[in-house]
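# Inside the fold
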Amino acid sequence: MAIASMLCVQLGLAASVGLFDQIGPAGAAWLRLAWAGVLLLVIVRPRPSSFTRSSFLTCVALGAVTACLTMLFMAAVARLPLGTASALEFLGPLGVAVARGRRSSKVWPALAAVGVLLLTEPWQGTADLVGVLYALGAAACWAAYILLTQRVGDDVSGINGLAISMPVAGLVATAVAGPSIV
């Protein structure tokens, strides 16, 4: 199931990048998020009784962060090579690992951060600064996504949390990208 999930994410990203010329990065992000939200609502049909007020609001926050993460990453990919954007985005999970890890285990994320620097070669000065800022914004959102996903997983059973967060992500993306697509 994990392999199928990763395959869907990567195929979706590849298809989305192909749409940049027609609808732009924000439009491609919007399409991904809106369709995912609609499909999850239809398939899962989450019941309001499955949520406390706190867990519902956490799902809403997760949806907003998911929208920001996706849209910022798509904007970064439009300006940077995919590998550079992905490497910079991984600074988010690395930051979470460093912040939450034990002192003895912090060496591995630090080495990975050095690897990110070596991959992105910021000293060359050829990377688009706005693209780098988009990727770093996506990294911050990914860190928040990790923390919120853990909280939703602790508070909500099954995929009900996802069935709330993805439609919210679709609505946020619609509010941000909708006007530019029409």
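Anyway, here's the lowdown on the structure attached to this text. Predicted model, so just to flag it, every value in this text is computed and none were measured. (Residues numbered from 1 in each chain as written. Predicted model: local features only at pLDDT ≥ 70, side-chain atom pairs only at ≥ 80, totals over all residues. Heavy atoms only, no water.)

## Looking at the overall build of the protein
What the protein contains, in helices and strands, is 8 helices and 0 strands. Shown N-terminal to C-terminal, the secondary structure of the protein runs as helices and strands in the order α-α-α-α-α-α-α-α. Classification of the 182 residues of the protein by burial places 36% in the buried group. For the protein, the share of sequence-separated contacts (at least 6 apart) that also reach a separation of at least 24 residues comes to 83%. Only carbon and sulfur atoms are counted for the fraction: they give 69% of the accessible area of the protein, which is about 10,600 Å². (Helix = DSSP H or I, 4+ residues; strand = E, 2+ residues; numbered from the N terminus. Buried < 20%, exposed > 50% of the residue type's maximum accessible area, 1.4 Å probe, protein only. Contact = heavy atoms within 4.5 Å. Areas by Shrake-Rupley, 256 points an atom, 1.4 Å probe, with all protein chains shown as cover.)

## Describing the packing of aromatic side chains
For the structure shown, the criterion picks out 2 aromatic pairs. Their ring planes at 80 degrees and their centres at 6.1 Å tell us that Phe51 and Phe56 sit as a pair that is edge-to-face. When the centroid spacing of 4.8 Å and the interplanar angle of 65 degrees are considered together, the rings of Phe90 and Trp142 count as edge-to-face. Of this pair, Phe90 sits in the loop between α4 (82–89) and α5 (91–100) while Trp142 sits in helix α7 (residues 129–155); the two residues are 52 residues apart in sequence, bridging distant segments of the chain. When its relative accessible area of 43% is taken as the criterion, Phe90 is described as partly exposed. (Phe/Tyr/Trp six-rings, centres within 6.5 Å; stacked < 30°, edge-to-face > 60°.)

## Structural notes on the nonpolar core
In a soluble, globular protein the nonpolar side chains are often hidden away together inside. Formed by 19 residues in total, the largest nonpolar core has its most connected members in Cys59, Leu80 and Ala85. Elements with a contribution of two residues or more to this core: α3 (53–79), α4 and α7. Tallying contributions element by element places α3 first for this core, with 7 residues. Non-local contacts of Ala85, meaning those with residues more than four positions away in its chain, are made with Phe73, Ala76, Val77, Leu80 and Ala135. Membership of the second largest hydrophobic core comes to 11 residues, among which are Leu33, Val44, Ala163 and Ala173. (Core = buried A, V, L, I, M, F, W, Y, C linked by side-chain atoms within 4.5 Å.)

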